[in-house]
Amino acid sequence: MRPLRSAHRTAVTPLKWRLVILLSFVLARPHLGAQRVEEFPLRTMDSHAAVATPEEITYQPRGLDDRGFNRVLRKVTVPTLTVYFPAAPQHRGAALVVIPGGGYDGIVIDREGHAVARYFQMQGIMSAVLKYRLPGPATFAAGVPAPQQDALAAIRFLRQHAREWRIDPARIGVMGASAGGHLAGSAAILGERADGSRPDFAVLLYPVVSLEPPWAHVGSRERLLGTDASPARVAEFSLHRRTRPGLPPFFLVHARDDQTVSVENSVLLETALTQAGVPVEFLAVAGGGHGFALGRTEESARWKDRVLRWLDALP
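Residues numbered from 1 in each chain as written. Predicted model: local features only at pLDDT ≥ 70, side-chain atom pairs only at ≥ 80, totals over all residues. Heavy atoms only, no water.

1. Some points on the pattern of salt bridges
- With the rule as written, the count across this model stands at 14 salt bridges.
- A salt bridge links Arg133 to Asp150, with the shortest nitrogen-to-oxygen separation between them at 2.8 Å. Of this pair, Arg133 sits in the loop between strand S6 (126–131) and helix H4 (146–160) while Asp150 sits in helix H4, and the two are 17 residues apart along the sequence.
- For Arg133, a relative accessible area of 8% gives the class buried.
- For Asp150, a relative accessible area of 0% gives the class buried. (Salt bridge = Lys/Arg side-chain N within 4 Å of Asp/Glu carboxyl O. Helix = DSSP H or I, 4+ residues; strand = E, 2+ residues; numbered from the N terminus. Buried < 20%, exposed > 50% of the residue type's maximum accessible area, 1.4 Å probe, protein only.)

The following block contains the structure:
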């Protein structure tokens, strides 16, 4: 066969060349297609019939996530779980429910949610960002508040899909930041083996722990339990008051210069877990303030490597 003449070679447009190059790259790297993201609705007992209403979205001006977004969501009526699937060759078999904070007033969905999930996805850990309903008067006095219901439902959801998604059912955990840390800790305490809602480990970043004076984050307490909650109700959702033998292992991260949620919250929880015989590791960093997420300083960013080593060492 005679070689193509130059006129025929130049007949391929630049756009076609770009498509050919892109196709060649995709075919050469087939595992990229497995690194997908998918959003799923969550169903709990009192959210099944919920009607979706427009969410309120605001933007924080600083501390942007790695794609430049920093949304805060409010008026969430339908909980969802956005799952970041790791590429097949990297999949470690573990899974995380990632719970952003926001003082139970909003959800810092990008900086403490999607950015964190993308990071752990790249490390081979399936990560699922929980968009949870915010609390309201219906459960101020009694019962399990809506955010806690949604966190437990998210753990059950991942466990139900463990075989399909190649998750080790004994390596499904929670990770939460600030009020999301309180929510993740609540799930670790409230979760039950019988219904699949008990996480196998918990990672709490600068968490709200105590809802009691003097270390309480008052805004989180009032939005979760109301302004006139009884002392018994406040103690019920103060994590250090609920520790007991048999809870899953905890990893705590807190900056000593946190002016929003005092580091004493993590100190209280570490002490209570140790006294109950629950495995706990506490990384206290000197600087970083509150809400540092993936890391605001070199020191406050090192928690990620520590957590990965800790996860690998868990039995």
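Once you've had a look at it, read on.
2. Description of the pairing of strand S8 (residues 202–205)
- Residue alternation in S8 divides its side chains into two sets, Ala202 and Leu204 and Val203 and Leu205, and both sets are buried.
- Judged from the 4 bridges that link them, strand S7 (residues 172–177) and S8 form a sheet pairing that is parallel. Each residue of the ladder has a partner; that of Gly176, found in S8, is Leu204.
- In this fold, the crossover linking S7 to S8 by way of helix H5 (residues 179–190) has right-handed handedness.
- Bridge count between S8 and strand S9 (residues 250–255): 4 bridges; the pairing is parallel. Counterpart to Leu204 in the pairing with S9 is Leu252. (Pairing = 2+ DSSP bridges. Right-handed = clockwise from strand over helix to strand, strands pointing away.)

3. Topic: the side chain of Asp258
- With respect to the helices, strands and loops of the structure, Asp258 is situated in the loop between S9 and helix H8 (264–275).
- Here Asp258 is buried and forms no salt bridge, its nearest opposite-charge partner Arg296 lying at an N-O distance of 8.0 Å.
- Among the polar contacts listed, one links the side chain of Asp258 to the backbone nitrogen of Thr260, at a separation of 2.9 Å.
- Within polar-contact distance, the side chain of Asp258 engages the side chain of His290 at 2.7 Å.
- With sequence-adjacent residues up to four places away left out, Asp258 is seen in contact with Tyr206, Gly289 and His290. (Lys, Arg positive; Asp, Glu negative; His and termini not counted. Polar contact = N/O pair within 3.5 Å; in protein donor to acceptor, adjacent residues only side chain to side chain. Contact = heavy atoms within 4.5 Å.)

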